[in-house]
Amino acid sequence: MATSAVTAARGEPSGPRPRTGRNVELVLVLAAVAIAVFGYIEVGLNIDGTVPKDAAEYGAALGVLALLAHGVIRWKARYADPLPLPIAVLLNGIGLVVIYRLDRTTPHSSAAPTQLLWSTLGVGLCIAVILLLRDHRLLQRYAYSGALVALVLLVVPIFFPAVYGSRIWITVGPFSIQPGEFAKILLVIFFAAYLAAHRDALALTGRRIWPSRNQNWTLPPGRVLGPVLLVWAAFIGVLVVETDLGMSLLYFGIFVVMLYVATARISWIAIGLVLAAAGVVVVGWLSPHVHSRVDQWLHPLASVAAGQGANQIAQSLFAFAWGGLLGAGLGLGHSALIGFAAKSDFIFATIGEELGLVGLVAVLLLYLLLISRGFRIGIALRDPFGRLLAIGLAAAVGLQVFVVAGGVLALIPLTGATLPFIAQGGSSVVTNWIIVALLVRMSDLARRPAPPGSARAQSEPPEVAR
Amino acid sequence: MARRSRGRGDGPQGLPGISITGRRAGLFCLVLILLLAAQATRIQVFQAKGYDHNPANQRLTIERYSQPRGNILVGDTPITGSAPTGGRFNYKRTYTAGQQYAAVTGYSSQIYGNTQLEGTEDGILSGTDSRLDGWAVWNAIARKQNPGGDVYTTINAAAQQAAMQGLGNQKGAVAAIEPSTGRILALASTPSYDPGTFAGTSSADQSAWTKLQADSDQPMLNRALRQTYPPGSTFKVVTAAAALANGVVTDINAPTSTPYPYVLPGTTTTLVNDTSSCDQPNIDLDTAMTLSCNSVMGNLGVQTGLDKMTAMAENFGFNDPKLDIPVRAARSNFDTQMNQSQVALSSIGQFDTAATPLVMAMVAAGVANNGTVMYPQLVDKLAKSDGDTVQLMKPRTYKQAMSPAVAGQVQQLMTDVVQNGTGRNARIPGATVGGKTGTAQHGVDNSGTPYAWFISWAKPAGSSDVPPVAVAVVIADSNATDVTGGQLAAPIAKSVMQAVLGSTG
């Protein structure tokens, strides 16, 4: 693939050398590392009054990882979008800084070194994917076996003990992984392949349920609707058995978004919303865990009024409020009051408290930029599978950010999931680095200039022959 | 929409293609992120204040104790301090002489809050008062907490020491005032307590608090400020001032038309005297004060009348529910609705009349200051941690109680009490002392141990200046066999006045 790109570049003696964006990427990556190191130093200055002893090592570790990834992209995916890597480096760096900062108030459990280890593994896998996966269309072939693996991954945690009320971890000794995170990618690949293959059937057949000529309001036939309902039932099953509201909401959201993008039928969204609402109501009725979370969302200060002190949501809101516009400063907040999940599910509250609304919006903008690049890559690609895959991955990141941040901001009920790249959690970091690798790989294809003489060599036939 | 899109989109059968639906989905994600930003703005900007001040939110408390608290000073010496705790609340309050100054400082406890000066001046001490800001805008941006400021009291260390030593292990209180300014020189209450014992959050702090709360001697009650007692005969100073100011008596040595025995108006009850020397008609005011004759003073009160008696009492701080020094004193009472016999009893400090030691000190101070009652003040100066003055005490007139001429007559009466009468125990060599004793009956059928009172002022002999000190002493429930103001309270007043005279001279 890379060689052909090089040939393509060489084969254009007349035109200007196409812009690859690699130097922009290099500058941005270095800037991202610098910002993270600066944050690390600020934590040390604010808490101890001195620069942390290992600031240079920390910076070097992050820098080497980022530059390695950059080098591999330069080598093997030179036309790739220059933004995803620096954004991922920056978000991961911010995460490490904030986790390190929270470690300082919980001397008995330090999570930053482990997180750095997982980040290294994530970057390693990112590099491996870019090196080994020459063309994303290869994945289409393994979509169904991947889905099977995903289901196994989802089911396995049932046999492991519940942690904080949810059976979503596989624990082996001191290590624990959350297989649902990895399953996310496999499922998006499967959805993309399935929908690329069946989008016409899903879009065109069906009977009209609205007395109008509007195609968008037809109910698809059972043959096509069946698998969709099956997927829905599977997720509700996972939700009930593992009580992982966040993950099931996320999967379902990704599925509905991809279904809509593939078929352009609003009815899918309507059906999705109805099914989701029904699922949530049923589960909320069956599971006290979910029920209490809805209660806490509606009345975050009820426990205070009842004289039982602040619950986690109230503590989270206190943290955000304390940050105000400009934040207390890294290391100067009190988000440790949130309790056990401060480094994972609630890490967004620490960002809000110590970096303020300004820092929080900056982080949201980083996510927005990453997501929009994902959508752009999808739109720019020509093959339906690739398009759906890129859009699905971008939507997965977007929905996950919304579900997590919305939960801790009390915008929606708290569901418990990890903030991509930032929150403590190895599975999450690794998964998101693989998503970045896939986006980089696909963007390389989408942005590669066509070889002279061939009309869009890599493009598929038009979506529908007219 | 379908009609419009049909044949135009590149999706199935002319439906919008992925280029369009993908864009819409992207827009949806954008909306989600915007919703997050909007919610964050709502919480961090518009609702922040409410959350910050929620009682379950520990942040304000943590911030408050993240730095040493400013100090309360007597003279230039801090009587408080701060000690690192090593806990979540970094610093806790310490007191250099907690027992001695508890009635002045109050307490600052991480669990039980702040009282008295620690409470009223909390903004300065904790650094939250906006007057401590260097540049408010910069402080808001940098979120820099101001270091705690200092509160300089008006207390005279020697007078406070004398008061506490004099009270000893009796139950009682002392309030001393500088008459010309209203500065409070001593404020003592016994039994006392050490506010440092429950300043922190440990279980030792909590049990110290519980023990103090359960103590039947009420060591945490500030008797000088927050407790009222029937003032007994010390109130005769107010009655005398009212009678003189309103022309009921013009010459203190002229006989008053008081019959003996004096029957309370509208009753058949005789107002009895403690000493037989009073048991004769037409005693003059000077003799009546010197011997503390109830019959004469009761009669003069009735002659003066309820309204004028009330007005004079209120000139000294009676019936003022908001007497803040800046710590609020309890309301001293002189009834405004009474029949004549009740007026007679009230005029000798009985019936429903009740006063804090502070207000009785104001009575002595008002007389000493030629009739001008000054607002009593406990705070001399508020300063930033670097010493810059935030606020300086300015003497304020509370009421003009009487003319200087009348005040001079009352001063003469009080001087005679100490020279020749019941207040001899307060005599100080080389000083002019004026005073009035009081022994107030109370309880059912006056069965309680009487309250021993003494109010007085003193100045160097021959000085024409305003006396530098006025003092009120009350001893409640003493174990002494001879409970009279002259026996128990006068010596304490004397030592307090000596302390002030010694330190000023």
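Quick notes on the rules
Residues numbered from 1 in each chain as written. Chains lettered and ligands numbered in written order. Predicted model: local features only at pLDDT ≥ 70, side-chain atom pairs only at ≥ 80, totals over all residues. Heavy atoms only, no water. Contact = heavy atoms within 4.5 Å. Buried area = accessible area lost by both parts, 1.4 Å probe. Salt bridge = Lys/Arg side-chain N within 4 Å of Asp/Glu carboxyl O. Polar contact = N/O pair within 3.5 Å; in protein donor to acceptor, adjacent residues only side chain to side chain. Pairing = 2+ DSSP bridges. Helix = DSSP H or I, 4+ residues; strand = E, 2+ residues; numbered from the N terminus. Axes fitted to C-alpha atoms, helices over the stretch in contact; angles between N-to-C directions. Disulfide = S-S within 2.5 Å. Buried < 20%, exposed > 50% of the residue type's maximum accessible area, 1.4 Å probe, protein only. pLDDT = per-residue confidence, 0-100. Lys, Arg positive; Asp, Glu negative; His and termini not counted. Parallel < 35°, antiparallel > 145°, perpendicular 65-115°, else oblique. Left-handed = near helix turned anticlockwise from the far one by under 90°.

Across the boundary between the two partners, chain B contributes 49 residues, which contact 63 residues of chain A. Counting the surface lost from both chain B and chain A, the interface buries some 4,800 Å², and carbon and sulfur atoms represent 70% of this. Of all residues in chain B, Ile18, Gln44 and Arg59 of chain B give up the largest surface area on contact with chain A, accounting jointly for 17% of the area buried on that side. Our count for the contact surface shared by chain B and chain A stands at 1 salt bridge. Between Glu353 of chain A and Arg59 of chain B there is a salt bridge, with its nearest N and O atoms 2.9 Å apart. The tally of links between chain B and chain A comes to 10 residue pairs in polar contact (both at pLDDT 80 or more).

This next bit is on the sheet that holds strand 15 (residues 451-460) of chain B. Residue and element names in this part refer to chain B. Within the open sheet, the 5 strands sit side by side as 9-8-16-15-14. Their pairing is antiparallel. Looking along the sheet, the strands with just one partner apiece sit at the ends: strand 9 (184-190) and strand 14 (431-440). Between one strand axis and the next, the sheet turns by 10 degrees as a mean value, whatever way the strands run. The sheet contact formed by strand 15 and strand 16 (residues 469-476) spans 7 bridges and is antiparallel. In the sheet register, Ile455 faces strand 16, and the bridge partner there is Ala472. Together, strand 8 (171-177), strand 9 and strand 16 form the strand contacts of helix 9 (residues 157-167), whose direction differs from that of strand 9 by roughly 25 degrees. Along the sheet face, helix 17 (residues 404-420) touches strand 14 and strand 15 and points at about 80 degrees away from the line of strand 14.

As used here, a disulfide is simply a covalent bond connecting the sulfur atoms of two cysteines. Residue and element names in this part refer to chain B. In this structure the tally under the stated criterion is 1 disulfide over all chains. Here Cys278 connects covalently by a disulfide to Cys293, the sulfurs 2.0 Å from one another. Residues Cys278 and Cys293 share a disulfide whose torsion about the S-S bond is about -75 degrees; that sign makes it left-handed. In this pair, Cys278 is assigned in the loop between helix 11 (236-245) and helix 12 (285-291) and Cys293 in the loop between helix 12 and helix 13 (294-304), connecting sequence segments 15 residues apart. Assessed through its relative accessible area of 0%, Cys293 is described here as buried.

What follows is about the pairing of strand 9 of chain B. Residues and elements named next belong to chain B. In terms of burial, strand 9 is a largely internal element, 7 of the 7 residues being buried. Here strand 8 pairs with strand 9 via 6 bridges, running antiparallel. Its bridge partner being in strand 9, Ile177 is matched across the sheet by Ile184.

Turning our attention to the sheet that holds strand 7 (residues 150-153) of chain B. Residues and elements named next belong to chain B. Here we have 5 strands laid out as an open sheet, ordered 2-1-7-11-12, and mixed in their pairing. On the outer flanks of this sheet lie strand 2 (77-78) and strand 12 (389-392), each paired with one strand and no other. The pairing of strand 11 (residues 379-383) with strand 12 spans 3 bridges and is classified as antiparallel. The residue of strand 12 that forms the bridge with Ala383 is Thr389.

Moving on, we come to the environment of Leu382 of chain B. All names here are of chain B. Residue placement: Leu382 occurs in strand 11. For the pair Leu382 and Gly200, spaced 182 residues apart in sequence, the C-alpha separation works out to 25 Å. Not counting residues up to four positions away in its chain, the partners in contact with Leu382 are Glu121, Ile124, Arg131, Asp150, Val151, Asp388, Thr389, Val390 and Gln391.

This paragraph deals with the confidence of the model for chain B. As a note on interpretation, predicted positions should not be read in detail where pLDDT is low. Residue and element names in this part refer to chain B. Per-residue pLDDT for chain B has a mean of 87; in total, 93% of the residues score no lower than 70. Put simply, helix 1 (residues 2-5) is where chain B has its lowest mean pLDDT, 41, and helix 16 (residues 357-368) is where it has its highest, 94. Low pLDDT (under 50) marks residues 1-7, which in the prediction has 13 contacts with non-local residues, meaning those over four places away or in another chain. Interface confidence for the predicted complex, expressed as ipTM, amounts to 0.90; the pTM equals 0.77.

Right, let's talk about the environment of Gly386 of chain A for a bit. Residue and element names in this part refer to chain A. Tracing the chain through its elements places Gly386 in helix 16 (residues 384-408). Along the sequence, Gly386 and Leu411 sit 25 residues apart, while their C-alpha atoms lie 33 Å from each other. Every residue in contact with Gly386, bar those within four places of it in the chain, is listed here: His136, Leu381 and Met442.

Right, let's get into the side chain of Glu121 of chain B. Residue and element names in this part refer to chain B. One can find Glu121 in the loop between helix 6 (116-120) and helix 7 (122-126). No salt bridge is formed by the buried Glu121; the nearest opposite charge belongs to Arg131, separated by 5.3 Å. Within the structure, Glu121 has its side chain in polar contact with the side chain of Thr120 (distance 3.3 Å). If near-sequence neighbours (up to four positions away) are discounted, Glu121 is found in contact with Val151, Pro326, Val379 and Leu382.

Here we come to the confidence of the model for chain A. All names here are of chain A. In this model, chain A carries a mean pLDDT of 83, and residues with pLDDT of at least 70 account for 84%. The least confident element of chain A, judged by mean pLDDT, is helix 1 (residues 2-10) at 46; the most confident is helix 15 (residues 347-380) at 95. Low pLDDT, under 50, characterises residues 1-13; the stretch is placed with 15 contacts to residues that sit more than four places away or in other chains. Counting interchain partners and residues more than four positions distant, the pLDDT-below-50 stretch residues 456-466 has 24 contacts.

Moving on to helix 5 (residues 98-105) of chain B. Residues and elements named next belong to chain B. Burial analysis of helix 5 places 7 of its 8 residues in the buried class, which makes it a mostly covered element. Every buried residue of helix 5 is listed here: Gly98, Gln100, Tyr101, Ala102, Ala103, Val104 and Thr105. With its phi angle positive at about 75 degrees, Gly106 sits one or two positions after the end of helix 5.

This next bit is on helix 14 (residues 306-315) of chain B. Residue and element names in this part refer to chain B. For helix 14, the set of buried residues is Leu306, Met309, Thr310, Met312, Ala313 and Asn315. Its buried side turned inward, helix 14 meets helix 11, helix 13, helix 15 (340-347), strand 10 (372-374) and strand 13 (397-400). Just downstream of helix 14, Gly317 is the residue with a positive phi angle, here 115 degrees.

Among all residues except glycine, the phi angle is most often negative; among peptide bonds, the trans geometry is most common. Cis rather than trans, the peptide bond between Thr190 of chain B and Pro191 of chain B has omega equal to -5 degrees. Relative to the assigned elements, Pro191 of chain B resides in the loop between strand 9 and helix 10 (203-214). In this structure, Pro326 of chain B follows Ile325 of chain B across a cis peptide bond, with omega equal to 5 degrees. Positionally, Pro326 of chain B belongs in the loop between helix 14 and helix 15. Notably, Ala264 of chain A is not glycine yet its phi reads approximately 60 degrees, a positive angle. For Ala264 of chain A, a relative accessible area of 3% translates into the label buried. Look at Gln116 of chain B: it is not a glycine, yet its phi comes out positive at around 50 degrees. As for its placement among the helices and strands, Gln116 of chain B is situated in helix 6.

The subject of this paragraph is the packing of helix 4 (residues 84-103) of chain A against helix 17 (residues 426-447) of chain A. Residues and elements named next belong to chain A. Contact geometry for helix 4 and helix 17: axes closest at 10 Å, N-to-C directions at 165 degrees. Comparing their axes, helix 17 and helix 4 come out roughly antiparallel. Read as a crossing pair, helix 4 and helix 17 show a hand that is right-handed. Contacts between helix 4 and helix 17 pair Pro84, Leu85, Ala88, Val89 and Asn92 from the former with Val429, Trp433, Val436 and Val440 from the latter.

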